[in-house]
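Structural features, examined
One-letter residues, chain by chain:
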Amino acid sequence: MRRAQIVRWGEPLEIREYPTPKPQGTEVLVRVTACGVCHSDLHIHQGFFDLGGGEKLSIEERGVRLPFTMGHEIAGEVVELGPDAPRGLAEPGREYVVHPWIGCGSCAFCKKGLEHYCPKPRFLGTVVDGGYGDYVIVPHPRYLVPFDGLPREVACTLACSGVTAFGALQKIGRELDGWPVMLLGLGGVGAAALAMIRLVTDAPVYVADIDPKKRDYALSRGAAAVFDPAEAGAEKKVREASGGGVGTVIDFVGRPETARFALGSLVTKGGTLVVVGLYGDRLQIPMPYFPLRALTIRGSYVGTVEDLRTLVRLAQEGRFEPVPVHTRPLEEANAALEDLAAGRVVGRQVLVP
Ligand SMILES: [Zn+2]
Ligand SMILES: [Zn+2]
């Protein structure tokens, strides 16, 4: 089997040949049929997250060893179940979306179903080998979600951009229900959030992005107003358009500039900023804002296998229109990462081995 791997941090991926693994214990061998390219893959590929002030959060310190196979938005066909894998959860020959946010299985978080908060994660494609390859090993069939009726290129994106967007939308500030919500940064996850927002609120939706193409796309998909956050006085325009500010901003970029724009666009009191993007650097914020502005700043990180099941069902019922996807062969993994880094992608790129 082939794997497109990071061999040295930040250098082009190399396609290497390996023996196809045999599933052990409860494991399942899955033949990858589609794997989305996520913005966080750019950070993993570089080997670190930027904490600002010259500090870095290294991927190696999180236990990742090279060569490493990225890819956490995986759809694939079950080939073989390990000898101890319970029968009835997944059938050979059928295709599934793989839930990649897999924990240790025994800590307090995992026991509560919050495997994505596990301190000893086994996340596919970010900690252990993922879907940029012909096959992937999944630790247990309970992480496989059938998606009959959906295109595989669309279904796979629900595992990260889908559940991440869905999870962030659940965190819209309830206190200011009905106030406009602003989605900041219309990459793959932001676009997924725009597609799903009517599942959670009827509030007017604003979109801010520096790219006019993405602003046009937002208007074509129902945004009430769009803004260019790089324009001078953009915050003032948002406050004027909304009659005092938006209730919640979801920041899909995660830079100090976007957070400052968000804080300037929020209502004077009671607003919520949800940070999802991992772009990096650090934010300075006057402490009195927290009480004086009754301000909430919170993060949101992927989701549970139950979130994925819910989202697949909602997609099957046609309750939201999926984001556009562009498929590319596995051999183009490097070009896909470059296009994503250069901001040339509207929607999601999906590698097809
Ligand atoms: Zn992702
Ligand atoms: Zn755990």
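Notes on the structure in this doc start here. (Residues numbered from 1 in each chain as written. Chains lettered and ligands numbered in written order. Predicted model: local features only at pLDDT ≥ 70, side-chain atom pairs only at ≥ 80, totals over all residues.)

**A few points about the overall build of the chain**
Our working rule: Counting from the N terminus, the helices are the DSSP runs of H or I reaching at least four residues and the strands are the DSSP runs of E reaching at least two. Just to be clear, the radius of gyration here is over C-alpha atoms, and the globule rule we use is 2.2 Å times residues to the power 0.38. Counting other C-beta atoms within 10 Å of each residue's C-beta, where C-beta atoms are placed from the backbone, gives the exposure class: buried for 20 or more, exposed for 12 or fewer, partly exposed between. Any residue pair is listed as a contact if its two C-beta atoms, each placed from the backbone, are within 7 Å.
When helices and strands are tallied, the chain shows ten helices and 18 strands. Relative to the compact-globule value of 20 Å for 353 residues, the chain shows a C-alpha radius of gyration of 20 Å, a close match. With respect to the principal axes defined by its C-alpha atoms, the chain has extents near 60 × 45 × 40 Å. Counting over 353 residues, the chain shows a buried share of 47%. Within the chain, counting contacts between residues at least 6 apart in sequence, those at least 24 apart form 72% of the total.

**Examining the packing of helix α6 (residues 234–241) against helix α7 (residues 256–265)**
Inclusion rule: Here, axes are lines fitted to C-alpha atoms. For helices the fit covers the stretch in contact, and angles between N-to-C directions go from 0 to 180 degrees. The hand of a helix crossing depends on one turn: near helix anticlockwise from the far one by less than a right angle means left-handed, and clockwise means right-handed. Any residue that is not Ala, Val, Leu, Ile, Met, Phe, Trp, Tyr, Cys, Pro, Asp, Glu, Lys or Arg is counted as polar, Gly included; the first ten are nonpolar and the last four charged.
Running from N to C, α6 and α7 point in directions that differ by 35°, and their axes come no closer than 8 Å. Here α6 runs over α7; the crossing is right-handed. Contacts between α6 and α7 involve A234, E235, V238 and R239 on the former and, on the latter, F261, G264 and S265. Here the residues of the contact of α6 with α7 sort into three nonpolar, two polar and two charged.

**Thoughts on helix α5 (residues 212–220)**
Threshold: Directions pointing from the helix axis toward each C-beta atom define the arc.
What α5 keeps buried is the set K214, Y217 and A218. Each buried residue of α5 sits inside an arc of 100° when the element is viewed along its axis, so together they form one side. Facing away from the buried side of α5 by over 90 degrees, the exposed positions are P212, K213, L219 and S220. Considering only its buried residues, α5 is in contact with α4 (188–196), β12 (205–208) and β13 (225–227). Within two residues after α5, G222 carries a phi angle of roughly 100°, on the positive side.

**Notes on the sheet that holds strand β16 (residues 296–299)**
The following threshold applies: DSSP calls a pair of strands paired once it identifies at least 2 bridges connecting them.
One open sheet holds the six strands; their spatial order is β13-β12-β11-β14-β15-β16, and the pairing between them is parallel. Two strands in the sheet have a free side with no partner beyond their single neighbour: β13 and β16. Strand-to-strand, the axes of this sheet are offset by a mean angle of 20°, without reference to chain direction. Sheet analysis places strand β15 (residues 272–275) next to β16, joined by four bridges and oriented parallel. Across the sheet, V274 pairs through a bridge with R298, a residue of β16. Packing against the sheet, α4 makes contact with β11 (181–184), β12 and β14 (248–251), and its axis sits at approximately 155° to β11. Along the sheet, α7 contacts β11, β14 and β15; its crossing angle with β14, the most-contacted strand, is approximately 170°.

**Some details on the environment of V352**
Here V352 shows up in strand β18 (residues 348–352). In this structure V352 comes out as partly exposed when scored by C-beta crowding, with 16 C-beta atoms within 10 Å. On a C-alpha basis, the gap between V352 and H72 in space is 13 Å, while along the polypeptide they are 280 residues apart.

**So, unusual backbone geometry**
The peptide bond linking L66 to P67 adopts the cis configuration, its omega dihedral lying at -5°. The topology assignment puts P67 in the loop between β5 (55–58) and β6 (68–69). With phi around 35°, V302 is a residue other than glycine that occupies positive phi space. Secondary-structure assignment places V302 in the loop between β16 and α9 (305–316).

**Quick word on the nonpolar core**
Put simply, the test is: One nonpolar core equals one set of buried Ala, Val, Leu, Ile, Met, Phe, Trp, Tyr and Cys residues connected by C-beta atoms within 7 Å. Domain delimitation in this document rests on an assignment produced automatically or drawn from a domain database.
Counting 100 residues, the largest nonpolar core has V97, V98, L183, A193, L194 and V207 as the members making the most contacts within it. Broken down by element, the residue count for this core peaks at eleven residues, all from helix α3 (residues 152–169). Each of two domains, domain 1 (2–163 + 302–352) and domain 2 (172–299), supplies a minimum of three residues to this core. Discounting chain neighbours no more than four positions away, the residues touching V98 are V30, I74, G76, L124, V136, V138, Y143, L144 and A159.

**As for the pairing of strand β7 (residues 73–81)**
Remember that side chains alternate between the two faces of the sheet whenever the strand is regular. Relative to β7, strand β3 (residues 28–37) runs antiparallel, the two being bridged by eight bridges. Counterpart to V32 in the pairing with β7 is G76. Bridge count for β7 against strand β8 (residues 95–98) is four bridges, and the pairing is antiparallel. Across the sheet, the residue bridging to G76 is Y96, located in β8.

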